[in-house]
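A structural walkthrough
Chain residues, written in single-letter form:
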Amino acid sequence: MGRRFLTALILAALAAGAWWITHDGGEPGEGLVVHLQVRDAAGAAVATAQVERVFEGTRLRVDAEGRARLAGVVLRELDEPSPETIARAIRVEAPFHALRRGATPKVTRRDDGSWSMDVTLEAHGVLRLYVAETHL
């Protein structure tokens, strides 16, 4: 009787240990969350902008108001979240718009622990030069 009880107790302990090892601990967190706003120099939303997550190689488009919510942003190894590291991990591009040379996005920490990133792009044009053939 004692031997069966001890065997059952050991099997129950092994099953509990296996469950504890394989259990994921609940819902995973969202990680680093960044709320992005893309505007032009006049303050209007740039709805054609694309956001690139630099260290993941993925892209997404902003909505009609120039906003995007990025969850699980990956930084470089050993980097802590800061305005500089977040600005380095997220790149914004838009047709006929560019980030002014020397300008950096405005990155601030929110009260809920996430981050806000405001990017102001300057509008620029495209010069197309056509050369016609001459038969001289």
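Before going into details, it helps to say that this report is about the structure given with it. Here the structure is a predicted model, which is why all the values come from computation and not from measurement. (Residues numbered from 1 in each chain as written. Predicted model: local features only at pLDDT ≥ 70, side-chain atom pairs only at ≥ 80, totals over all residues. Heavy atoms only, no water.)

A few words on the overall build of the chain. A tally of regular secondary structure across the chain gives 2 helices and 8 strands. Ordered by position from the N terminus, the helices and strands of the chain form the series α-β-β-β-β-α-β-β-β-β. For the chain, the C-alpha atoms occupy an extent of roughly 110 × 45 × 30 Å along the three principal directions. At a minimum sequence separation of 6, the contacts of the chain that also span at least 24 residues come to 58%. Here the chain has roughly 10,300 Å² of accessible surface; of this, 56% comes from carbon and sulfur atoms. (Helix = DSSP H or I, 4+ residues; strand = E, 2+ residues; numbered from the N terminus. Contact = heavy atoms within 4.5 Å. Areas by Shrake-Rupley, 256 points an atom, 1.4 Å probe, with all protein chains shown as cover.)

Now for the nonpolar core. Val34, Leu36, Val38, Ile86, Ile90 and Met117 are the most contacted members of the largest nonpolar core, which has 22 residues in total. The set of elements that each furnish at least two residues to this core consists of strand S1 (33–40), strand S4 (67–71), helix H2 (83–89), strand S5 (90–93) and strand S8 (115–123). Considering each element in turn, this core owes the most residues, 4 residues, to S8. Beyond its immediate chain neighbours, meaning those up to four positions away, Val38 contacts Ala44, Ala45, Val46, Ala49, Val62, Gly66, Val92, Val119 and Leu121. (Core = buried A, V, L, I, M, F, W, Y, C linked by side-chain atoms within 4.5 Å. Buried < 20%, exposed > 50% of the residue type's maximum accessible area, 1.4 Å probe, protein only.)

Turning our attention to unusual backbone geometry. The phi dihedral of Leu78 falls on the positive side, at around 70°, and the residue is not glycine. With respect to the helices and strands, Leu78 occurs in the loop between S4 and H2. The exposure class of Leu78 is exposed, given its relative accessible area of 80%. For Phe96, which is not glycine, the phi torsion reads 65° and is therefore positive. As for its placement among the helices and strands, Phe96 is situated in the loop between S5 and strand S6 (97–98). Relative accessible area serves as the criterion here: at 48%, Phe96 is assigned to the partly exposed category.

Our focus in this paragraph is the pattern of salt bridges. Taken as a whole, this structure holds 8 salt bridges when the rule is applied. Across the salt bridge formed by Glu52 and Arg59, the nearest N and O atoms sit 3.6 Å from each other. Take Glu52: its relative accessible area is 15%, and that puts it in the buried class. In this structure, Arg53 engages Glu56 in a salt bridge whose closest nitrogen and oxygen atoms are separated by 3.0 Å. Given the relative accessible area of 11%, Arg53 is considered buried. Salt bridges here are not isolated pairs; linked through shared partners, they connect Glu52, Arg59, Arg91 and Glu93. (Salt bridge = Lys/Arg side-chain N within 4 Å of Asp/Glu carboxyl O.)

Moving on, we come to the sheet that holds strand S3 (residues 58–61). In space, the 3 strands of this open sheet follow the order S3-S2-S5, with antiparallel pairing throughout. Sheet topology places S3 and S5 at the edges, where each strand pairs with a single neighbour. For this sheet, the mean angle separating the axes of adjacent strands, direction not counted, is 25°. As paired elements, strand S2 (residues 50–53) and S5 share 4 bridges and run antiparallel to each other. Residue Glu52 lies in a different strand from S5, and its bridge partner there is Arg91. (Pairing = 2+ DSSP bridges. Axes fitted to C-alpha atoms, helices over the stretch in contact; angles between N-to-C directions.)

Keep in mind these values describe shape, not function.
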